[in-house]
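A closer look at the structure
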Amino acid sequence: MRGSHVCSLVSSLVFLWLGVAAAQKASSWKTLSGNAPAIIAKGGFSGIFPDSSEFAYQFALIASSPDTILYCDVRLTKDGLGICLPDIKMDNCTNIPDFYQQGRKSYLVNGVSTAGWFSVDYNGTELGQVSLKQSIFSRSPRFDPSFFPILAVEDIASKFKPPGMWLNVQHDSFYSQFNLSMSNYILSVSKRVIVDYISSPEVSFLTKVSGKLSNNTRLVFRFLDESTIEPSTKQTYGSMLKNFTFVKTFASGIIVPKKYIWPVSPDNYLEPHTSVVDDAHKAGLEIYAANFANDFMFSYNHSYDPLAEYLSFIDNGAFSVDGVLTDFPVTPSEAIGCFTNLKKRKTDHGKPLIISHNGASGDYPACTDLAYQKAVDDGADVIDCPVQLTKDGIPICMSSINLMDDTTVAKSQFASQTAVIKDIESVLGVFTFNLTWDDIVKNLRPKISTPFSSFKLDRNPRYRNAGNFMRLSDFLDFTKDKDLSGIMISVEHAAFVAEELGFDMVDSVIKTLDAAGYSNQTAQKVMIQSSNSSVLVKFKQQTKYDLVYMINEEVKDAAPSSLAAIKKFADAVSVEGNSIFPENRHFTTYQTNLVESLQNAGLPVYVYTLMNEFASQPYDFFSDATAQINAYVQGAGVNGVITDFPATARRYKLNTCMHMGNNTPSFMAPARPGDLLQIISKPAQPPAMSPMPLLTGSDVAEPPLPPARTAQAPSLASRMQAHAAIVVTLAMLLACHPLV
């Protein structure tokens, strides 16, 4: 009963993803057959649900390409039943210790003593009460409390009727220790079930079944790590790469770790691709690449964009693998169906508008010449400059007023100037107004942002401190001859700067724009963004630039009073992603009315800040930045995206499934918020969220900006210096007269 309930829950999602047409096929592929690469779902959609579970297999067929192949790692029970489990040790992927606490055993697995719970110690009936669980600890365990029965190979065929089925036999020699024959089982089950592929890393196993199966069943030799020894030939898998003629005698294809094809350097950058794909094809062998997962670490060259990684294996102009083995089959479905053979064409500045966030700050230090050039090269429509002022009043592009965030100031001679300024933030900082432009440019280096360092997701470490700082005037000179629809200048802390430092930020920005000729040109629009209505009101009084109001808090909707207020001073609004799709413990809950309300008031909506790292995305987007963009653009209907990675957004705009309407394939249908959350069993549901507030007119209204402080008033800098002197004096007194 519980298993049926699980299946019905997943089946209820079918209408959410199904499209009426399959993906478009590229006209030609560099695969051995000339057909599109195969998508092999490892244990189903195991990136979200427990590997080899009903949820995982059903969801793979719902959310991915209609010809997705279901993959099963076959294990044998004591009574010779073939079951699907991702690991030979059952305690890694099931809750079996809860039922058989004394069942831990130690066996030799390929000559290595291995302790755990093993299927060979139990019959099918004894395993009937055991449930599968998520075996990757970095993934959500919230689906685990649902009962996921262990499935037999025959169950996969009968329950899901997959378009293709792949059985992987990893430890044939292990089962022979228990008088179990994996080869006999495979020969037997293939008479009852259509098996399209059988793979194994053991030559002896493939040799035993070769010639005894249907001609439609392909045998695939699986390569393990290059230094590992193949048990029957006693050769390393690396050495066997040089003898494809031998492999061809017992297999029609090979499956290799993806690093065999695109090796990476010790610091995780791509090295030149090998010849293994061409070598395999020349020998008449199909070649499949394994170990794809959107939430695993892959080369920095791909900028945390899993779709870019897949394209490097199937659409690089030189070769294409014949298939990919993946935990997230939706992403290769997108790659094959919508993102191959994209024509390089002149930049299209249509919707959605792509606005950089501190340049291409996912690839280079924010607001540097390198980040801005990368943003232009990657096809951003608008590049941005968040303006800060230096001690000598020069407007510069810097993502934060606190230099500790963006620069190497903590390791400089200016580190002693740290202070807490509660009007700005409650952490120690050295601020742009503490240093002159010369102080900054001559003594500091940029520092790349690392928003997910706790996940060890560093950004482009070879270029951690690369690039040059830019003044606003430098930025404007840079943008003039670029293929951009516009620029965006962000202004924050203007009231503080006027009262405490004596600088008028609005006036500084306007004068710099005027000096660069932007007030007299129409080729590029100028957008001014601020979370302060007072700033935008002043710009509206003095300029004709496009004004963008940033709502920098999470809100569920905008009251009529707030819409009326915003319309008086802004032309568009930027909002946080969580204000569109609120999240609860990394799951989306629902879609708010905010975008609709703003657009109905005539205000375009830009969502911020989109990032490629899987840790930045709710599970509903499958650790796939393209799926996230699709949800905001096609699902929520935003007018633009503000992103650290403009290249990912630009490629999204070029995809061939963009305007297919009702024929959009299922894998390009936007994820519906709250769907994954709804199928979590009640005991595992996260606690209910507090209601999100409504944006009101009083939230928007602000007093006018104060005039810049006169010279007679004490400056913040002088007060900070006086404070520092007091601290030093106290320290000296304590040193001379220690407290008793």
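What counts, and at which threshold
- Residues numbered from 1 in each chain as written.
- Predicted model: local features only at pLDDT ≥ 70, side-chain atom pairs only at ≥ 80, totals over all residues.
- Heavy atoms only, no water.
- Helix = DSSP H or I, 4+ residues; strand = E, 2+ residues; numbered from the N terminus.
- Rg over C-alpha atoms; globule rule 2.2 N^0.38 Å.
- Buried < 20%, exposed > 50% of the residue type's maximum accessible area, 1.4 Å probe, protein only.
- Domains from an automatic or database assignment.
- Contact = heavy atoms within 4.5 Å.
- Buried area = accessible area lost by both parts, 1.4 Å probe.
- Salt bridge = Lys/Arg side-chain N within 4 Å of Asp/Glu carboxyl O.
- Polar contact = N/O pair within 3.5 Å; in protein donor to acceptor, adjacent residues only side chain to side chain.
- Nonpolar A, V, L, I, M, F, W, Y, C, P; charged D, E, K, R; others polar.
- Pairing = 2+ DSSP bridges.
- Right-handed = clockwise from strand over helix to strand, strands pointing away.
- Disulfide = S-S within 2.5 Å.

1. A closer look at the overall build of the protein chain
Assigned secondary structure in the protein chain consists of 26 helices and 27 strands. The C-alpha radius of gyration of the protein chain comes to 30 Å, within 12% of the 27 Å expected for a compact globule of 740 residues. For the protein chain, the spread of C-alpha atoms along the three principal axes comes to 95 × 75 × 50 Å. Counting all 740 residues of the protein chain, 57% fall into the buried class.

2. A short note on the domain arrangement of the protein chain
Looking at the protein chain, the domain boundaries give domain 1 (38–89 + 153–340) and domain 2 (353–695). Just the C-alpha atoms count here: the centres of domain 1 and domain 2 sit 41 Å apart. Contacts between the two partners involve 31 residues from domain 1, matched on the other side by 30 residues from domain 2. Counting each side, the surface lost to burial between domain 1 and domain 2 is near 2,500 Å², with a carbon and sulfur contribution of 62%. Across the domain 1-domain 2 interface, the total number found is two salt bridges. Where D305 meets R651, a salt bridge forms, and the shortest distance between an N and an O atom there is 2.8 Å. Where domain 1 packs against domain 2, one counts 14 residue pairs in polar contact (both at pLDDT 80 or more). Looking at the side of domain 1 that touches domain 2, the elements with two or more residues in it are α3 (54–63), α11 (306–314) and α12 (330–338). Broken down by element, the residue count for the side of domain 1 that touches domain 2 peaks at six residues, all from α12. Split into classes, the residues belonging to the side of domain 1 that touches domain 2 amount to 19 nonpolar, eight polar and four charged.

3. Topic: the pairing of strand β10 (residues 286–292)
Working note: regular strand, side chains alternate between the two faces of the sheet. Most of β10 sits inside the fold, with six of its seven residues counted as buried. Here strand β9 (residues 253–257) pairs with β10 via five bridges, running parallel. Looking at β10, one finds that I254 is bridged to I287. Each parallel crossover has a hand, and the one from β9 via helix α10 (residues 276–282) to β10 is right-handed. Direction of pairing for β10 relative to strand β11 (residues 323–326): parallel, over a ladder of three bridges. In the strand pairing of β11, A289 is matched with V324. This β-α-β element, β10 to α11 to β11, shows right-handed connectivity.

4. Considerations on the side chain of S574
On the secondary structure map, S574 appears in strand β22 (residues 572–576). Residue classification places S574 among the buried positions, given a relative accessible area of 0%. For S574, the side chain forms a polar contact with the side chain of Q529, separated by 2.9 Å. When residues no more than four places from it in sequence are discounted, the contact partners of S574 are Q529, V548, Y549, M550, I551, Y606, Y608 and I642.

5. Topic: the state of the cysteines
Evaluated as defined, the whole model comprises three disulfides. Paired by a disulfide, C72 and C84 hold their sulfur atoms 2.1 Å apart. Torsion about the S-S bond of the C72 and C84 cystine: about -105 degrees, corresponding to left-handed handedness. Of the two residues, C72 is situated in strand β2 (residues 69–76) and C84 in strand β3 (residues 82–84); the sequence distance between them amounts to twelve residues. There is no split in this pair, since C72 and C84 are both buried.

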